[in-house]
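A look at the structure
Next come the chains, spelled out residue by residue.
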Amino acid sequence: MSLKVGIVGYGGMGSFHHSQISSINEVMEVIACYDINPQKGKEGEGKGLKRYEQLDALLADKNIDIILIATPNNFHKDISIQALKAGKHVICEKPVTMNAKELEEIINVAEKQNSIFSVHQNRRWDRDFRIVKKAIENAIIGTPFYIESRVQGSRGVPGDWRCVKEAGGGMLYDWGIHLLDQMMWLVDSPVVEVYAHLLSVKFPEVDDNFKLMLRFKNGISALIEVDTYTFINLPRWHVSGDAGTLVINDWDCNGKIVKANTIEFKWEEGIVYTSAGPTKTMAPRPIETITEEELPQVQTDCRDYYRNFAGAVLGEQELKVTPLQALRVMQVIDAAFYSAENGVSVKGEF
Ligand code: NAD
């Protein structure tokens, strides 16, 4: 028996969820929708869904087990709480809320209701991310000490609610939350320092580019970078380990690993003349002392997110994207906004 889903907010992401879930109807089936804009609701109706004109009516539908929230960000908290109080399990789009305090309110209600609550952090199933995760887990480049994760475009911020601060616009909430969730799942250690620069290059109301530095308790440093006004991209991932370096250049996962091999590296006696001028430090490493490897292979399917959520509702699986993980991420988001506003690095344990 598949679990029945009602979607709140049938825009870009609401309709995407509908089509994704339609391909695994043995697990979940979307049966209804509600959108504040009747035209959008009618699009769902046109694809076979029962359209509700009021949120309360959707939440009162006894056939629905799961409410999936895909509205702009500022509505997530209230709709999540309403849905949980109506006895539903809830999947909420990212960013789950505007801050950690709002998420704590949701978690309290979910616990009281004994309902499953999760955030759609689908990018944990991205191929590029899984390659990095596998490489680190298998110590292919030794112990990592610095990780760069970035996404870059040149088209600016989509001209919708994402440009409006009150609606939860800006790139820290939009792409930042994905990259931060990945990073905090990748590095098994608390974040102890957060330092952020938020830039508004073309969109004065929100951050349209940002740089976020993190330090983890285990000593790993990380840079998370999101740009919407860059015309020449840097690599998607650049990971430095004590045995080598991993690079993934793009979404197609072109990249490589370069490692020190067992042939001993010896410093030259005299000065070395290179294209960088006379330098020993930056001279190229002798080619016989390094080995190049292909990136590890991974298999991944982002629909495993829904399969896992359904398994958790049925009591058959541990939930993968948990409310407490989401809370840590929101605490770092809060710290990043504070850091950027006050020009300080924020120390703590998140
Ligand atoms: P969108 O503007 O395309 O769709 C939002 C829909 O919500 C619209 O149809 C709008 O009419 C409706 N809506 C607005 N307020 C509402 C309310 N109070 N009640 C019911 N419906 C309401 O936006 P989108 O791109 O689909 O983004 C929606 C959410 O999905 C956001 O939280 C966004 O961050 C998230 N998102 C996630 C991913 C991902 O990969 N996980 C990708 C894109 C967007």
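Quick caveat: nothing in here was measured; it's all calculated off a predicted structure. (Residues numbered from 1 in each chain as written. Predicted model: local features only at pLDDT ≥ 70, side-chain atom pairs only at ≥ 80, totals over all residues. Heavy atoms only, no water.)

Bringing the overall build of the protein chain into the picture now. Looking only at helices and strands, the protein chain features nine helices and 17 strands. The principal-axis extents of the C-alpha atoms in the protein chain amount to approximately 80 × 45 × 35 Å. Every one of the 350 residues in the protein chain was classed for burial, and the buried ones make up 51%. Long-range contacts, defined as pairs at least 24 residues apart, comprise 70% of the intrachain contacts of the protein chain with a sequence gap of at least 6. (Helix = DSSP H or I, 4+ residues; strand = E, 2+ residues; numbered from the N terminus. Buried < 20%, exposed > 50% of the residue type's maximum accessible area, 1.4 Å probe, protein only. Contact = heavy atoms within 4.5 Å.)

Turning next to unusual backbone geometry. For the peptide bond that leads from Lys94 to Pro95, omega is -15°, which places it in the cis range. One can find Pro95 in the loop between β5 (89-92) and α5 (100-113). Positive phi values are uncommon outside glycine, yet Ala139 reaches one of about 55°. On the secondary structure map, Ala139 appears in the loop between α6 (127-137) and β7 (144-152). The phi torsion at Cys253 lies on the positive side, around 65°, for a residue other than glycine. Tracing the sequence through the fold places Cys253 in the loop between β12 (244-248) and β13 (255-260).

In this section: a nonpolar patch on the surface. Together, Leu199, Val201, Tyr229, Phe231 and Ile232 give the surface a local cluster of nonpolar side chains, amounting to about 530 Å² of exposed area. Turning to its location among the elements, Tyr229 is positioned in the loop between β10 (221-227) and β11 (237-241). (Patch = residues over 30% accessible without salt bridge, like charges linked within 9 Å, V, L, I, M, F, W, Y side chains within 5 Å. Areas by Shrake-Rupley, 256 points an atom, 1.4 Å probe, with all protein chains shown as cover. Salt bridge = Lys/Arg side-chain N within 4 Å of Asp/Glu carboxyl O.)

Here six strands make up an open sheet; going across it, the order is β3-β2-β1-β4-β5-β6 and the pairing parallel. Both outer strands of the open sheet, β3 (50-52) and β6 (117-119), are each paired with one neighbouring strand and no more. Looking at each pair of strands side by side, their axes are set apart by 25° on average, direction ignored. Sheet topology places β5 next to β6; three bridges connect them, and they run parallel. Of the residues in β6, the one forming a bridge with Ile91 is Ser118. (Pairing = 2+ DSSP bridges. Axes fitted to C-alpha atoms, helices over the stretch in contact; angles between N-to-C directions.)

One pass over the structure, following the stated rule, counts 25 salt bridges. Across the pair Asp128 and Arg236 runs a salt bridge, and its minimum N-O distance is 3.2 Å. Of this pair, Asp128 sits in helix α6 while Arg236 sits in the loop between β10 and β11; the two residues are 108 residues apart in sequence, bridging distant segments of the chain. For Glu193, the salt bridge is made with Arg215, and the minimal N-O distance between the two is 3.0 Å. A residue pair is termed long-range when its members are at least 10 positions apart, and Glu193 in strand β8 (residues 191-199) and Arg215 in strand β9 (residues 209-216) qualify at 22 residues. In this structure Arg215 comes out as partly exposed when scored by relative accessible area, which is 40%.

All buried positions along α6 are accounted for by Asp128, Phe129, Ile131, Val132, Lys133, Ala135 and Ile136. On its buried face, α6 is in contact with β7, α7 (171-186), β11 and β12.

Each aromatic ring pair is described using two quantities: the centre-to-centre distance and the angle formed by the ring planes. Scanning all chains against the criterion turns up eight aromatic pairs. With a centroid separation of 5.9 Å and an interplanar angle of 80°, the aromatic rings of Tyr305 and Tyr306 are classed as edge-to-face. Pair check on accessibility: Tyr305 and Tyr306 agree, each one buried. Taken together, the ring pairs in this structure connect Trp125, Tyr305 and Tyr306 into an aromatic cluster. The positively charged end of Lys133 is found above the aromatic ring belonging to Trp185, 4.4 Å away from the centroid. The positively charged end of Arg285 is found above the aromatic ring belonging to Phe265, 4.8 Å away from the centroid. (Phe/Tyr/Trp six-rings, centres within 6.5 Å; stacked < 30°, edge-to-face > 60°. Lys NZ or Arg CZ within 6 Å of the ring centre and 35° of its normal.)

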